[in-house]
Amino acid sequence: MAPRKFFVGGNWKCNGTSDDVKKIVTVLNEAEVPSEDAVEVVVSPPFVFLQQAKGLLRLDFAVAAQNCWVRKGGAFTGEISAEMLVNLQVPWVILGHSERRALLSESNDFVADKVAYTLAQGLKVIACIGETLEQREAGTTMEVVAAQTKAIAEKISDWTNVVLAYEPVWAIGTGKVASPAQAQEVHDGLRKWLHANVSPAVAESTRIIYGGSVNGANCKELAAQPDLDGFLVGGASLKPEFVEIIMSATVKSSST
Ligand SMILES: O=C(CO)COP(=O)(O)O
């Protein structure tokens, strides 16, 4: 089976102005990074800047929306449907981010419904999972991420267009990154879960990426972990440092 291609996503969250979009995209467009064969780069601006970012961005990088509506569009004020993203040729969408799970009460089932509907429309999905500090301290990390993954697994049959993003809530925006060993342990557990509960082929081919306080200084050591297939980056994706994180793909290509 082909090796899993390294994946680096930049989640800009609810940040920036159209001038910032121009600045960030200029840095990315001028960066010398490994080829598309070695790394897949996807940046995720807020909805209102998607078109602008997509229009300016180099063609070997793609864009993602940060969310979308759970079913077909209609009378859902304030929502953006998967069909609209398809219409604008936005190829990716981030779903189930912990900020939405926590602040907007998105449940495992609701996120799984979104994943299933969105995949069915032809979009590719970065599906986020992760435990809170309380859950980690209670020793329930694997249980929590397995339940989040199970909800998705019960509603989809094809994992080709899914990237699983493990983002421990306690590491997001806190500067408190998971240690390489902590990240590897959960990624390995998730791959074993997929092996046992979905299929060995899906376990082998699905990219499991890490998110939570990733930066230019800590990315290489994390990238060297065997079950870590890339990153979903928040704060550092708004800075030139994001290029260094993209470059950590070389850790993988030199070790294979
Ligand atoms: O939530 C994240 C990416 O989706 C991670 O955010 P930070 O990199 O800012 O911790």
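Heads up: the structure comes first, above all this text.
Residues numbered from 1 in each chain as written. Predicted model: local features only at pLDDT ≥ 70, side-chain atom pairs only at ≥ 80, totals over all residues. Heavy atoms only, no water.

Quick look at the overall build of the protein now. For the protein, the count of helices and strands is 12 helices and 8 strands. The C-alpha atoms of the protein give 17 Å as radius of gyration, which agrees with the globular expectation for 256 residues (18 Å, within 12%). Its C-alpha atoms give the protein principal-axis dimensions of roughly 45 × 45 × 35 Å. Burial analysis of the protein (256 residues in total) assigns 52% to the buried set. (Helix = DSSP H or I, 4+ residues; strand = E, 2+ residues; numbered from the N terminus. Rg over C-alpha atoms; globule rule 2.2 N^0.38 Å. Buried < 20%, exposed > 50% of the residue type's maximum accessible area, 1.4 Å probe, protein only.)

The subject of this paragraph is the packing of aromatic side chains. Here the structure, examined in full by the defined rule, presents 4 aromatic pairs. Taking the ring centre of phenylalanine 61 as reference, the NZ or CZ of arginine 58 above it sits at 4.3 Å. (Phe/Tyr/Trp six-rings, centres within 6.5 Å; stacked < 30°, edge-to-face > 60°. Lys NZ or Arg CZ within 6 Å of the ring centre and 35° of its normal.)

So, about the packing of helix α5 (residues 108-120) against helix α7 (residues 141-153). Packed helix pairs are characterised by how far apart their axes lie and by the angle those axes make with each other. Orientation of α5 relative to α7, taken along the N-to-C sense of each, is 40°, at an axis distance of 8 Å. As far as their axial angle goes, α7 and α5 are oblique. Of the two elements, α5 crosses α7, and the hand of that crossing is right-handed. Between α5 and α7, the residues in contact are Asn108, Asp109, Ala112 and Val115 and Ala147, Gln148, Ala151 and Ile152, respectively. (Axes fitted to C-alpha atoms, helices over the stretch in contact; angles between N-to-C directions. Parallel < 35°, antiparallel > 145°, perpendicular 65-115°, else oblique. Left-handed = near helix turned anticlockwise from the far one by under 90°. Contact = heavy atoms within 4.5 Å.)

Okay, the pattern of salt bridges next. If you walk through the whole model with that rule in mind, you get 15 salt bridges. Note that lysine 13 and glutamate 99 form a salt bridge whose closest N and O atoms lie 2.8 Å from each other. Here lysine 13 is found in the loop between β1 (6-11) and α1 (18-30), whereas its partner glutamate 99 is found in helix α4 (residues 98-103), with 86 residues between them in sequence. What makes lysine 13 buried here is its relative accessible area of 19%. According to the relative accessible area criterion, glutamate 99 is partly exposed, its value standing at 30%. With a closest N to O distance of 2.6 Å, aspartate 227 and arginine 191 form a salt bridge. Here the residue aspartate 227 occupies a position in the loop between α10 (219-223) and β8 (230-233), and arginine 191 occupies one in helix α8 (residues 180-197), the gap between them amounting to 36 residues. Summarising the burial analysis for this pair, aspartate 227 and arginine 191 share the class buried. (Salt bridge = Lys/Arg side-chain N within 4 Å of Asp/Glu carboxyl O.)

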